[in-house]
Amino acid sequence: MNLHLIGHCTGLQMELLEWASIIYDLLVFAGMTLIYISESVLLTFIPRRYRAKSIKGEIALITGGAGGIGSLIAKKLAKLGAHVVIWDVNRTGMEDTVREIKENGGKCCSYYCDITNREEVYKTAKAVQIEVGDVTILINNAGYVYGKTLLNLPDEEIERTYKVNILSHYWITKAFVRDMMRNNHGHIVTVASVAGLLGTYNCTDYSATKFAAIGYHESLFSELKAHGYDGIHATLVCPYFINTGMFQGVKPRLMPMLEPDYVAEEVVSGILLNQINVVLPWTIRYLLPLKCLIPAKLCWTLMYHIIRGPQSMMMLDKKKENQTLKNNNNITVIFKEACAH
């Protein structure tokens, strides 16, 4: 009888402890919710220039830095005092970017690196660490897109898209994050896309890799925080169409293309302010929840009529179909119809 009572009391105590734990977690969550929402509201009233951190003396590595957004980001970071390192496969573009930065008094060097080659990534990373120093700001910016429907996508192009847009992030980040962890200091930026938040027509390869990049980035961020690396920040960038020539012939119907300098400025601002998410333009973040809130059939009906309907959001100049373009990593890509950045 006594043993039965003891067992009953023990079970009751365990149940009470479990409920106490649940209540404690709810109180902590409610408290943190109040704190973070208040912080967010307060920060909106403080000008950016008063909240920005200094990156003077930091070593910033940018993939796809020979042209487009990558080159603009490199120039802006160098102007703020960072020692910039750019990786690309376009030697001429890299030379131009390095020369311009140095002419303006900045520090910059370049390395030829095919980021689809894992061993080349590790080898080049080691050279950077020896010749320049520990990278403290890493920007995975290089991207690739082919731009055709699934059955018209060559297998090798699917593989190339995955190698550039997501697999390279693993090799590049692994090559530099250990130094950041050792010093508990650094910043990792992933340039993804709105196409990684919403599946886009003609982009089964591109959208999939951008969805993957977002999942990768968010999981990496949670791992770093869970293991106490609060000094390593992470910023996810999801832009809309960018007017870099990569989408020549595309005429968005709902809103104009983003200008490259604006996007580069927002990426740099995201680094300076330690922003977790940068969605461009900011209005898109209020449209994305509709994907889950409205009925699925309605969602895809709207998607079909907006993207594929006669009043298409993406009106492509047919004279420019199949035109060969260069992407931010200066790898040749072919478009027949448009896909989001």
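Residues numbered from 1 in each chain as written. Predicted model: local features only at pLDDT ≥ 70, side-chain atom pairs only at ≥ 80, totals over all residues. Heavy atoms only, no water.

A. Layout of the sheet that holds strand S2 (residues 83-88). As summarised here, the arrangement of the seven strands in space is S3-S2-S1-S4-S5-S6-S8, forming an open sheet in which the pairing is parallel. Where the open sheet ends on each side, the last strands, each with one partner, are strand S3 (107-112) and strand S8 (277-280). Looking at each pair of strands side by side, their axes are set apart by 15° on average, direction ignored. Inspection of the sheet shows S2 paired to S3 by six bridges, in the parallel sense. When the sheet's bridge partners are listed, valine 85 is paired in S3 with cysteine 109. Packing of helix H5 (residues 118-131) onto the sheet brings it into contact with strand S1 (59-63), S2 and S3, and relative to S3 it is tilted by some 150°. (Pairing = 2+ DSSP bridges. Helix = DSSP H or I, 4+ residues; strand = E, 2+ residues; numbered from the N terminus. Axes fitted to C-alpha atoms, helices over the stretch in contact; angles between N-to-C directions. Contact = heavy atoms within 4.5 Å.)

B. How the structure looks around the pattern of salt bridges. Scanning the model with the defined rule gives seven salt bridges in all. Between glutamate 265 and lysine 76 there is a salt bridge, with its nearest N and O atoms 3.0 Å apart. Separated by 189 residues along the polypeptide, glutamate 265 in helix H8 (residues 260-272) and lysine 76 in helix H3 (residues 68-79) bring together distant segments of the chain. Classification of glutamate 265 as partly exposed rests on a relative accessible area of 39%. Close ionic contact of aspartate 96 with arginine 99 constitutes a salt bridge, the shortest N to O distance being 2.8 Å. Taken together, the residues aspartate 96 and arginine 99, both in helix H4 (residues 91-103) and three residues apart, mark about one turn of the helix. (Salt bridge = Lys/Arg side-chain N within 4 Å of Asp/Glu carboxyl O. Buried < 20%, exposed > 50% of the residue type's maximum accessible area, 1.4 Å probe, protein only.)

C. View of H5. Look at H5: 20 Å from first C-alpha to last across 14 residues, which is about the 20 Å you get at 1.5 Å a residue. Among the residues of H5, Val121, Thr124, Ala125, Val128 and Gln129 are the ones counted as buried. Here the buried residues of H5 occupy an arc of 140° about the axis, which is enough to place them on one side. Away from the buried face of H5 by more than 90 degrees, exposed residues Glu119, Lys123, Ile130 and Glu131 are located. At its buried positions, H5 is contacted by S1, S2, S3 and helix H6 (155-183). The distance from a side-chain oxygen at the start of H5 to the backbone nitrogen of glutamate 119 is 3.1 Å, and the residue carrying that oxygen is asparagine 117. With its phi angle positive at about 135°, glycine 133 sits one or two positions after the end of H5. (Expected span 1.5 Å × (residues − 1). Arc of directions from axis to C-beta. Polar contact = N/O pair within 3.5 Å; in protein donor to acceptor, adjacent residues only side chain to side chain.)

D. Geometry of H6. Taking 1.5 Å as the rise per residue, H6 with 29 residues should run 42 Å; its terminal C-alpha atoms sit 42 Å apart, in good agreement. By the largest-angle criterion, leucine 167 marks the main kink of H6, which is about 45°. Once H6 finishes, asparagine 184 follows within two positions and takes phi at roughly 45°, a positive value. (Bend = angle between axes of the 7 residues up to and from the residue.)

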